[in-house]
Structures are given as C-alpha cells and as structure tokens.
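# Tertiary structure, described
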Amino acid sequence: MGHFLEYVPGDSLLHRMNPVAKLFCALFLSIACFVTNNLVFIVLVLVLDFVLAKSCGLTRQALGLAKAVFFFSLILAVIQVLTTPEGTELVRLPWGYIGTGSLLAALTTILRLIAAAVPLFLVLYVTKLTDLSNALVKTLHVPYKYAFTFTSTVRFIPVFMNDMKGIMEAQTARGVEFDSGSFVKKVRLMVPLCIPLLVSSVRKANSAAIAAEVRGFYLRNGSSAFKQHPFAARDYAALVLCVAMVAVAVVLTFMR
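Within each chain, residue numbers correspond to sequence positions counted from 1 in written order. Only residues with pLDDT of at least 70 get local features here, since the model is predicted, and only at 80 or more are side-chain atom pairs given and counted; chain-wide, interface and lining totals rely on the full set of residues. As a rule here, side-chain values come from all non-hydrogen atoms in the structure, and water together with hydrogens is ignored.

## Points about helix α7 (residues 144-173)
The first and last C-alpha atoms of α7 sit 43 Å apart over 30 residues, in line with the 44 Å expected at 1.5 Å per residue. The bend at a residue is defined as the angle formed between two axes, one fitted to the seven residues ending at that residue and one fitted to the seven starting there. Helix and strand definitions here come from DSSP, where helices need a minimum of 4 consecutive H or I residues and strands a minimum of 2 consecutive E residues; each element is numbered from the N-terminal end. Maximum bend of α7: about 25 degrees, positioned at F156, with proline P158 one to four residues after it. G175 lies just past α7 and shows a positive phi near 105 degrees. Between the first and last residue of a helix there are one fewer steps than residues, each counted as 1.5 Å, and that sum is the expected span.

## Re the environment of V78
Mapped onto the elements, V78 comes out in helix α4 (residues 59-83). To sort residues, take the accessible area from a 1.4 Å probe on protein chains only and compare it with the maximum for the residue type: under 20% means buried, over 50% means exposed, and anything in between is partly exposed. Among the residues examined, V78 registers a relative accessible area of 43% and is labelled partly exposed. Taking the C-alpha atoms as reference, V78 lies 34 Å from T151; in sequence the two are 73 residues apart.

## Points about the packing of helix α2 (residues 19-35) against helix α6 (residues 129-139)
The geometry of a pair of packed helices is captured by two quantities: the angle between their axes and the separation between those axes. The convention used is that axes are lines fitted to C-alpha atoms, helices contributing only their stretch in contact, and that angles between N-to-C directions extend from 0 to 180 degrees. As a packed pair, α2 and α6 sit with axes 8 Å apart at the nearest point and diverge in direction by 90 degrees. Relative to α6, the element α2 lies roughly perpendicular. On α6, the residues that touch P19, V20 and L23 of α2 are D131, L132, A135, L136 and T139. All amino acids are sorted into three groups, where Ala, Val, Leu, Ile, Met, Phe, Trp, Tyr, Cys and Pro are nonpolar, Asp, Glu, Lys and Arg are charged, and the leftover types, Gly among them, are polar. Residues that form the contact of α2 with α6 fall into these classes: six nonpolar, one polar and one charged. Convention used here: angles under 35 degrees read as roughly parallel, angles over 145 as roughly antiparallel, angles from 65 to 115 as roughly perpendicular, and any remaining angle as oblique. When checking whether two residues touch, look at their non-hydrogen atoms; a contact exists if any pair is within 4.5 Å.

## As for the pairing of strand β1 (residues 89-93)
When β1 meets strand β2 (residues 96-99), the two strands line up antiparallel, connected through four bridges. Paired with V91 across the bridge in β2 is I98. Taking the residues between adjacent antiparallel strands as the criterion, β1 and β2 are bridged by two residues. Two strands qualify as a pair provided DSSP detects at least 2 bridges between them.

## Section: helix α9 (residues 194-214)
Here α9 contains 21 residues, and its C-alpha end-to-end distance of 30 Å stays within 8% of the 30 Å for a straight helix at 1.5 Å per residue. Along α9, the residues classified as buried are L197, S200, S201 and A212. The buried residues of α9 occupy one face: seen down the axis, they fall within an arc of 105 degrees. More than 90 degrees from the buried face of α9, the exposed residues found are I195, L198, R203, E213 and V214. Here the arc refers to the set of directions running from the helix axis out to each C-beta atom.

## Quick look at the packing of α2 against helix α3 (residues 39-55)
Direction vectors running N to C along α2 and α3 enclose 155 degrees, while the axes themselves pass 9 Å from each other. Considered as vectors, α2 and α3 are oriented roughly antiparallel to each other. The handedness of the crossing between α2 and α3 comes out as left-handed. Listed contacts from α3 to L29, A32 and C33 of α2 are F41, I42, V45, L48 and D49. Tallied by class, the residues present in the contact of α2 with α3 amount to seven nonpolar, no polar and one charged. By convention, the crossing between two helices is left-handed when the near helix turns anticlockwise from the far helix through less than a right angle, and right-handed when the turn is clockwise.

## A short note on the packing of aromatic side chains
Note on ring pairs: Phe, Tyr and Trp rings are taken, using the six-membered ring of Trp, and paired if centres are within 6.5 Å. Classes follow the plane angle, with under 30 degrees stacked, over 60 edge-to-face and the rest tilted. Following the criterion strictly, the structure yields three aromatic pairs and no others. On the basis of an interplanar angle of 40 degrees and a centroid distance of 6.2 Å, the ring pair of F24 and F28 is categorised as tilted. Residue F24 and its partner F28 are located together in helix α2, separated by four residues, close to a single helical turn. The exposure class assigned to F24 is partly exposed, which follows from its relative accessible area of 32%.

## Considerations on the environment of P230
Counting through the fold element by element, P230 comes out in the loop between α9 and α10 (233-254). Linking P230 and K22, residues 208 residues apart in sequence, is a C-alpha distance of 13 Å.

## Topic: the side chain of S133
Mapped onto the fold, S133 is located in helix α6. Beyond its immediate stretch of four places on either side in the chain, S133 contacts Y144, A147, F148 and T151.

## Some details on the pattern of salt bridges
One speaks of a salt bridge when a side-chain nitrogen belonging to Lys or Arg is within 4 Å of a carboxyl oxygen belonging to Asp or Glu. Per the stated rule, a full pass over the model turns up one salt bridge. R16 is paired through a salt bridge with D11; the nearest N and O atoms lie 3.9 Å apart.

This is the structure:
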C-alpha cells in the first residue's frame, strides 16, 4: 500500500471539515461499531466508510487497509470460532463445538474491526498533520507536546515503512529470497532486518528532536498557531449524525 498514511490533497467534504470534527466523527463511528453486535448495522457503517472513501478518491487506500485489517482480524475470528460454542452445532471439538452462532460472531468481529478502522485512517489521509496538531491545541486545549508527539508518531510510520522496504530491497539484491519458503522461514529472514531499522529509526528520531528544539519546541503553546479552524454547519451536522449513530447502536444492543 503505497504512500501509507500520507496526506492526499483534495476538495471533498471530508477535506474541508474541521480536523477536530473529523477526528470525533471517526471516533463516534468506531464506538458505534463496538457498542452493538447487530451485523446489519455494522455492514451499513462499512458501506458508509467506503462511500466516504470514494468521495475523497481514496477507494484504493481504503481497500488496502481493509485487506490488512482482515488478515489481522482473521486470527481473532479463528480463536473466537474455536472457543465460543454458540448456536446450532456444526462441528464437534474435544473441548466444545463450532456452531452457527460461532461463525456469525467471528464474521461480526471481522466486519467490526474493518468498519472501525477505516474512518480513523481516512482522517489521517484527508487531514494535514500540522492542521490536526494545531486544531487539537487551539480547540481542545491539548498541550502542544502531546499533540506533537501524536502527529510525529503518525508521520514516522510511513518513513519507517519506506526504510524497511529499502532494507529488504538491498537484501533481495544480495540474494535473500523473502517471497519463498514457509512462514517461519520468512519470519527468520525478517528478524535480522530489525537491527538496521532500529538504528535508522533512532537516528531519525534524534535528528527530529534536535530540529524541534532548535525551532523553539518548548516555546509553543495554544496561541502560537497562526491558522484558525472554525466549526462550520457541516461539522456540526456530521457530529450530530455520528452521535445519532452511536445512539442507534445502543438502542439495537438493548433491543436484543
């Protein structure tokens, strides 16, 4: 997934929204997914996620993220199927059974994680990290050092991924085959690469810390940001809609 978590310019509704409103809307959508086990509701949230991604021109990134989350959640789903006997028995196990309820719960887990992850990542694709940091400081009065730490962490993720890709390409040029062999063999080949990646990461973090200190990092506060991020009608409407979705999720939970 190229350009992972890098800002994508655009003029969509999400691009124009207030950074804080986007962040809270994404959090509310994620909360709504975890509040209820209603599969239809979670599917509707997932459809909404991809509609928003398409409106921003980020369908490819959303699909790539969904694929990555799917493989991660698949592990949790398998564990849930094997340890949660529910519904009509399908397969008898020494410690229980796999039932229709077990499969439904596993499917709900997979879709829930995907539906909850996509909005949060979309916020990072359609929002400049500097705008997000300034909005957190000025609107929510978050101490600048905490906002800077959060945005710096997000900013370094694609940097480290590119470094890892470069190290793997260098090893491939030396004859190391990462695409062949068993999963255990691939893990054994990847472990030694963590050392040069760690060294590179420490050097970049140290350089970033020195650069921030030289530019007056400890002098920044809420009044230092020059850009304003006022709330518009679309921001309030989006927040009301997302809060309403959380309320619907709660109602569906108690209606079971």
